[in-house]
Amino acid sequence: MELRIFTEPQQGATYDTLLRVARAAEDLRYGAFFRSDHYLHMGSTDGLPGPTDAWITLAGLARETTGIRLGTLMTAGTFRLPGVLAIQVAQVDRMSGGRIDFGLGSGWYEDEHKAYGIPFPKEKFGRLEEQLAIITGLWETPVGERFSFDGTFYQLADSPALPKPAQPKVPVLIGGHGVKRTPALAAEYADEFNIPFASLDATEQQFKRVRAAAEQRGRDADELVYSNALVACVGKNDAEVKRRADAIGREVEELKANGLAGSPAEVVERLGRFQAVGSQRVYLQMLDLTDLDQLELIASEVMPQVA
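These lines cover the structure that appears in this document, whether it is placed above or below. Every value quoted in this text rests on a predicted model; they were computed, and no experiment measured them.

Regarding the overall build of the chain
Each helix and strand counted, the chain has twelve helices and twelve strands in total. Relative to a compact globule of 307 residues, whose C-alpha radius of gyration would be 19 Å, the chain shows 19 Å and is just as compact. With the C-alpha coordinates aligned to their principal axes, the bounding extent of the chain is approximately 60 × 45 × 35 Å. Out of the 307 residues in the chain, the part that is buried amounts to 56%. Within the chain, contacts between residues at least 6 apart in sequence are counted, and of these 72% link residues at least 24 apart. In the structure as shown, the chain presents an accessible area of about 13700 Å², 50% of it carried by carbon and sulfur atoms. Both charge centroids of the chain, one from 33 positive and one from 43 negative side chains, sit 2 Å from each other.

Now the structure itself:
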């Protein structure tokens, strides 16, 4: 099982903070550094000093890291036009030397759209389907050929479909809890399926739905990577776990029930349960970005036992 770091900068983080975490994750040999794509904080935090843009951040990190993979859980489909987003992601992939994983979702947080004047369409899933078709279509169009698309929401005519990413194929992540359209979309476009903040039972059932959808489409279900995103709160002893839970405004027992919390041994055991239902990769949601000691603890005492 691979462990990756997942951050929520809208809750309050500067670019320099994110850079420190990304470099620490790279030094500690985590599989990747990911971030959310939000422009407004959630809950009681003030979000200071304010949001950072996901793809501007990743462009900077692409030049200031050397080996760790970078990506989004998930890029909000409501924030950007698909043609422009295809250019942005391809450029950042080239800036990183081919280290981008591209997660795309429909967008859901209406308040942030209102706060920054971003349209919040009623029909988001249909737009997501067209966005995936356009972005992957632009990347896959051979150099010298043209790409056109005539959809309900987007139309492209005679596009040169440039630039191309550095990777022959940028890994595409699709995720969510939807029981019909989401598995079907993953079966068509995804290299990885991610279910965020789900129980063991919900994880197992959703992975089964995605596998069934892939097989129905004629794909080998094992072609996809299956992953979870779970909040992390790990400590050497009960007092350290409690201190870290307090720092993120959560209760220890709730975190143990819904995330990865406790001693390294407890977390290894919990990860084993997710692995048993098919999870191959876990994104550790790190809510206290000043606590680099927790990253080191997980890397030294959890990672070797699950890798």
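Observations regarding helix α7 (residues 200–216)
Taking 1.5 Å per residue as the helical rise, α7 with its 17 residues ought to reach 24 Å, and the 24 Å between its terminal C-alpha atoms agrees with that figure. Of the residues making up α7, those classed as buried are Leu 200, Thr 203, Gln 206, Phe 207, Val 210, Ala 213 and Ala 214. Down the axis of α7, the buried side of the element spans an arc of 155°, and every buried residue falls inside it. Facing away from the buried surface of α7 by more than 90 degrees, the exposed residues are Asp 201, Glu 215 and Gln 216. Looking at the buried side of α7, the elements it contacts are α6 (181–189), β9 (192–196), β10 (225–234) and α10 (264–276). Remark: Gly 218 follows α7 within two positions and exhibits a positive phi of approximately 90°.

Quick notes on the side chain of Glu 26
Its location among the elements puts Glu 26 in helix α1 (residues 15–27). Despite being buried, Glu 26 has no salt bridge partner; Arg 99 is the closest side chain of opposite charge, sitting 4.6 Å away. Excluding its chain neighbours within four sequence positions, the residues that come into contact with Glu 26 are Thr 65, Thr 66, Gly 67 and Ile 68.

Overview of the nonpolar core
Grouped together as the largest cluster of nonpolar side chains are 79 residues, with contacts concentrated most on Leu 3, Tyr 30 and Leu 284. Considering every element that reaches this core, the biggest residue donor is helix α5 (residues 125–140), with eight residues.

Description of unusual backbone geometry
Here Leu 48 and Pro 49 are connected by a cis peptide whose omega angle stands at 10°. Secondary-structure assignment places Pro 49 in the loop between β2 (32–35) and α2 (54–64). Backbone torsion omega between Leu 162 and Pro 163 reads 0°, so that peptide bond is classified as cis. Positioned with a positive phi, Arg 29 is a non-glycine residue whose angle comes to about 70°. Within the secondary structure, Arg 29 is located in the loop between α1 and β2. On the accessibility criterion, Arg 29 (71% relative accessible area) is exposed. The backbone of Phe 197 sits at a positive phi, close to 50°, despite the residue not being glycine. The topology assignment puts Phe 197 in the loop between β9 and α7.

A few points about the pattern of salt bridges
Tallied over the full model, the rule gives 22 salt bridges. Here Asp 53 ties to Arg 80 by a salt bridge, and the two come within 3.2 Å at their closest N and O atoms. Of the two residues, Asp 53 sits in the loop between β2 and α2 while Arg 80 sits in the loop between β4 (75–76) and α3 (82–96), which places them 27 residues apart along the sequence. The pair formed by Asp 53 and Arg 80 is uniform in burial state, with each residue classed as buried. A single network of salt bridges, built from pairs that share partners, joins Glu 2, Arg 4, Arg 69, Asp 101, Glu 192 and Arg 281.

Definitions and cut-offs
Residues numbered from 1 in each chain as written. Predicted model: local features only at pLDDT ≥ 70, side-chain atom pairs only at ≥ 80, totals over all residues. Heavy atoms only, no water. Helix = DSSP H or I, 4+ residues; strand = E, 2+ residues; numbered from the N terminus. Rg over C-alpha atoms; globule rule 2.2 N^0.38 Å. Buried < 20%, exposed > 50% of the residue type's maximum accessible area, 1.4 Å probe, protein only. Contact = heavy atoms within 4.5 Å. Areas by Shrake-Rupley, 256 points an atom, 1.4 Å probe, with all protein chains shown as cover. Lys, Arg positive; Asp, Glu negative; His and termini not counted. Charge placed at Lys NZ, Arg CZ, Asp CG, Glu CD. Expected span 1.5 Å × (residues − 1). Arc of directions from axis to C-beta. Salt bridge = Lys/Arg side-chain N within 4 Å of Asp/Glu carboxyl O. Core = buried A, V, L, I, M, F, W, Y, C linked by side-chain atoms within 4.5 Å.

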